[in-house]
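Survey of secondary and tertiary structure
Here is what each chain is made of, one letter per residue.
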Amino acid sequence: MLDGQKITVLGGGLGGFTAATALAQRGAEVTVLEQAGRIAEVGAGIQLSPNGVAVLDALGLGGEARNRAMRNRAVRLVDGITGRDVIRMDVGYLRPAQTFLLFHRADLIDILHQAAVAAGVKVETCARVTRVDIGQAGAFVEVEGQGLREAPFLVGADGLHSKVRDAIEGSPTEARAPFFTGMVAWRALVPGDGTEAAEAVVRMGPKRHMVSYPLRGGSLINLVAVEERTEWAEEGWFNRDDPDNLRRAFAGFGSEAQSLLSQADKVHVWGLFRHPVARTWHRGPAAILGDAAHPTLPFLAQGAVMALEDAWVLAECLDDKGMTDGPALYQARRQLRVERVIEAANNNARNYHLKNPLAKALGFGALRLAGAVRPE
Ligand code: FAD
């Protein structure tokens, strides 16, 4: 047990709260530091494949998760132009223990946040960390306006531009700097009428694809649309764009896609960058997880799911092997799997955008999904 072990989790996102809850349930005294003024997620959907739901089940949150999310029945790959199915993967047959869920992000973070509080986690908002120092005996974090604080063990769940990752492996050199993939992703929520099938639909076309799935009983539909282009866009959730840019990019797609796009009135765009996986996920009394360790392109819907898996395995390793040997075991158990998932996600970008539908069916990386997302 981690009884009384003091642990600071930097970052109150999906990975951070999963780690905080898993650690607190094993007896640790956990504090989460989050820069935002309140615990929330962006207004967007998130697919949680069975390996992610397995972590919620292990934390005792599976019942509530199933009540608040929609159960995905299928992943359908469709030719975006003709609207015809290329492949339909039935995931409705999965046993309850392997449910595939479609969440509103706000609902998922709410479940995780409440669980952390119930497990005794102290949550500090408006706590922006500006500096991280890691020594052998302990780590220190500087919280804006509050000065330096000791963190006997520090978990970096602070996302893409992680300060804990920089403290562990140094700032990225030019050779390992993130680079623009030449793809951008728009996101939007449009109203649904509750009749949409509980399926994730990937509409594929040359150099572009669009994913849609229903949320909250079908009252909303989540859209993510990806286009290859040379024009650069910034990375991040909050860059607004003119909805007509999205509509123009998908003007050649069929009527179902047009009907969804016509309703998109608030649109954000995200420049997709490739970030290398961190070489070292731990140093002294610190470890990183989720996007902080291995940002993942969204083409296999596995970034957050990997963060959840990391969080569970980190808690298990610290519990089994202690704070000195646990972090190395954690990286050893996670790295190959995460790299395999990242590669499958990278390949999906290429497969989704192929011109020939047969090549798509053959090369379709989501067939690898079955192997990539099997619970550990
Ligand atoms: P984050 O969610 O980035 O959380 C980091 C937290 O740390 C934030 O709350 C931040 O405010 C806080 N923080 C950062 N720096 C500091 C600091 N200095 N001080 C204090 N707090 C700090 N994944 C899936 O599994 N399924 C999907 O369907 C899916 N769809 C996606 C769609 C799109 C368009 C994109 C872009 C990504 C998608 N992903 C999906 C990936 C997923 O969103 C991320 O992998 C996941 O959110 C990473 O979680 P995290 O907790 O590691 O990091």
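Now for a look at the structure at hand. (Residues numbered from 1 in each chain as written. Predicted model: local features only at pLDDT ≥ 70, side-chain atom pairs only at ≥ 80, totals over all residues. Heavy atoms only, no water.)

As for the sheet that holds strand S9 (residues 129-134)
Whether parallel or antiparallel, the strands of a sheet pair through hydrogen bonds between backbone atoms. What counts is decided by this rule: One bridge is not enough; two strands pair if DSSP finds at least two bridges between them. Note on conventions: DSSP H or I runs of at least 4 residues are helices, E runs of at least 2 residues are strands, and numbering of each starts at the N terminus. The angle between two axes is taken between their N-to-C directions and runs from 0 to 180 degrees, where each axis is a line fitted to C-alpha atoms and a helix contributes only its stretch in contact.
Strands sit in the order S9-S10-S11 across an open sheet of three strands; the sheet is antiparallel. Edge positions in the open sheet fall to S9 and strand S11 (147-151), since each of these has one partner strand only. Within the sheet, the average angular offset between the axes of one strand and its neighbour, ignoring direction, is 25°. For strand S10 (residues 139-143) and S11, the ladder comprises five bridges, and the chain directions are antiparallel. Bridging across to S11, Val141 finds its partner in Arg149.

A look at the sheet that holds strand S19 (residues 282-283)
Operational definition: Any two residues having at least one pair of non-hydrogen atoms within 4.5 Å are treated as being in contact.
In space, the six strands of this open sheet follow the order S8-S2-S1-S12-S20-S19, with mixed pairing throughout. The sheet is open, and its two edges are formed by strand S8 (122-124) and S19, each paired on a single side. Pairing analysis gives five bridges linking strand S1 (residues 6-10) to strand S2 (residues 29-33), with the strands arranged parallel. In the sheet register, Ile7 faces S2, and the bridge partner there is Val30. The sheet contacts of helix H1 (residues 14-25) involve S1, S2, S8 and strand S12 (154-156), and relative to S2 the element is tilted by about 170°.

Describing unusual backbone geometry
What counts, and what does not: Buried, partly exposed and exposed residues are distinguished by accessible area as a fraction of the type maximum, computed with a 1.4 Å probe on protein chains only: under 20%, between the cut-offs, and over 50%, respectively.
Here the phi dihedral of Cys126 falls at roughly 55°; this positive angle occurs in a residue that is not glycine. Relative to the assigned elements, Cys126 resides in the loop between S8 and S9. Here the phi dihedral of Arg216 falls at roughly 45°; this positive angle occurs in a residue that is not glycine. Classification of Arg216 by relative accessible area gives partly exposed; the value is 37%.

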